Amino acid sequence: TSPLLARALLSTFGELTRGRVPITTGPKADTVPEDQRFARWSRDVRGHQYLFELVAGLELDRTTTVHGPVRLRRRGAPAGSPLVAEVAFPDYETSDTKLLAALNGVLAEAALRPDRMDEILAQVTLPYAFYAALLNLQPGRHRYTFELLAAVWRFSTVVVMQFKHAFGIRRPADRSPLIQPVLLTPGHGSYPAGHATQAHLATAVLKALTAHLPDPVRDDQLLALAKRIGQNRVVAGLHYEHDIDKGAELGEKLAAYFVAQAVPPDPPPAAADFTALQWLWTAA
């Protein structure tokens with residue numbers, strides 16, 4: 001995008017290719033071997049493949065019952081098959097009394113804002129740094145672990161937005177001017193909580209990825225981090241506590257589905273037969 005560089009490349013191209021066109025020798029018609037393609041493509045291209053594999057086989061099922069649950073199932077699964085996830089209608093929306101109690105719960109958490117403000121602001125964006133600090137992840141050595149986390153964020157965002165839309169729950173600040181969130185209220189529904197879904201999904205996936213290296217201290221800290229990220233959204237005035245609880249449950253359910261899709265079978269197939277997610281899991 002630099003005009004100076006573009007002109008420099010143009011003049012260099014002209015001098016280097018003088019008397020050497022057209023192309024007469026060299027390349028032969030072939031394609032990139034299947035077992036080399038994932039490694040060759042860019043991270044962003046692979047990211048689209050991961051997301052396609054994860055969501056292509058899913059469908060949302062909302063019952064016609066008033067205040068009924070919303071279910072996520074495998075597309076085309078026989079009747080009675082296990083669900084990927086199910087989220088019930090939020091209890092605080094079933095009566096004015098319960099809603100008032102939930103709002104006062106959000107207001108009480110505001111007392112933690114002075115202590116949590118740095119975390120709240122830092123966690124507006126994806127919390128790579130928090131997981132990197134806990135697991136000592138470095139971009140060079142663990143680039144595929146970061147790529148795995150990116151796949152987790154993309155997947156969780158797409159799925160949780162479907163639930164948010166299906167429920168259509170108003171944010172705490174929509175209910176009372178006393179909430180006064182410290183961040184701009186996001187432009188989507190409150191329930192279930194997206195940050196909690198993402199954090200618990202990431203925690204469960206990372207625990208599965210590192211299960212061959214047992215470390216209860218690490219696993220306890222991963223879970224504590226997920227809980228804290230979720231709670232910070234209540235402290236910020238953006239969510240009810242119930243949003244966080246159900247987001248955590250949804251994240252754990254999605255993690256089970258994610259891992260089932262990503263872990264190669266035993267014995268593993270030939271490299272050319274790996275799905276994109278299986279390739280990523282192995283690399284991570």
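First, a word on what this report is: a plain description of the structure on this page. (Residues numbered from 1 in each chain as written. Predicted model: local features only at pLDDT ≥ 70, side-chain atom pairs only at ≥ 80, totals over all residues. Heavy atoms only, no water.)

### Describing the overall build of the protein chain
Part 1 of the reasoning: When helices and strands are tallied, the protein chain shows 12 helices and 3 strands.
Part 2 of the reasoning: In terms of C-alpha radius of gyration, the protein chain reaches 24 Å, well past the compact-globule figure of 19 Å for 284 residues.
Part 3 of the reasoning: With respect to the principal axes defined by its C-alpha atoms, the protein chain has extents near 85 × 50 × 40 Å.
Part 4 of the reasoning: Relative to its 284 residues, the protein chain shows a buried fraction of 39%.
Part 5 of the reasoning: Surface summary for the protein chain: the accessible area is close to 16,000 Å², and the carbon and sulfur share equals 58%.
Part 6 of the reasoning: Treating the 30 positive side-chain charges of the protein chain as one cloud and the 28 negative ones as another, the clouds have centres 6 Å apart. (Helix = DSSP H or I, 4+ residues; strand = E, 2+ residues; numbered from the N terminus. Rg over C-alpha atoms; globule rule 2.2 N^0.38 Å. Buried < 20%, exposed > 50% of the residue type's maximum accessible area, 1.4 Å probe, protein only. Areas by Shrake-Rupley, 256 points an atom, 1.4 Å probe, with all protein chains shown as cover. Lys, Arg positive; Asp, Glu negative; His and termini not counted. Charge placed at Lys NZ, Arg CZ, Asp CG, Glu CD.)

### Section: helix α5 (residues 113–122)
Part 1 of the reasoning: Among all positions of α5, only Arg113, Arg116, Glu119 and Ile120 are buried. With its buried residues spanning 125° around the axis, α5 presents them on a single face. Facing away from the buried side of α5 by more than 90 degrees, the exposed set consists of Pro114 and Asp118.
Part 2 of the reasoning: Turning to α5, the residues buried within the fold contact α4 (96–109) and α10 (216–235). (Arc of directions from axis to C-beta. Contact = heavy atoms within 4.5 Å.)

### Considerations on the nonpolar core
Part 1 of the reasoning: Core analysis: the biggest nonpolar cluster contains 62 residues, and Tyr131, Phe155, Val205 and Phe258 have the highest contact counts within it.
Part 2 of the reasoning: It is helix α7 (residues 143–167) that provides the largest number of residues to this core, a total of 12 residues.
Part 3 of the reasoning: Those residues in contact with Phe155, other than ones at most four positions away along the chain, are Leu51, Leu54, Val55, Leu58, Leu201, Leu254, Tyr257 and Phe258. (Core = buried A, V, L, I, M, F, W, Y, C linked by side-chain atoms within 4.5 Å.)

### Describing helix α11 (residues 241–262)
Part 1 of the reasoning: Counted at 1.5 Å a residue, the expected span for α11 with its 22 residues is 32 Å, and the 31 Å between its end C-alpha atoms agrees.
Part 2 of the reasoning: Those residues of α11 that fall on the buried side of the exposure criterion are Asp243, Ile244, Gly247, Ala248, Leu250, Gly251, Leu254, Ala255, Tyr257, Phe258, Val259 and Ala262. (Expected span 1.5 Å × (residues − 1).)

### Focus: the environment of Gly168
Part 1 of the reasoning: Its place among the elements puts Gly168 in the loop between α7 and α8 (172–175).
Part 2 of the reasoning: In sequence terms Gly168 and Pro214 are 46 residues apart; their C-alpha atoms lie 41 Å from each other.

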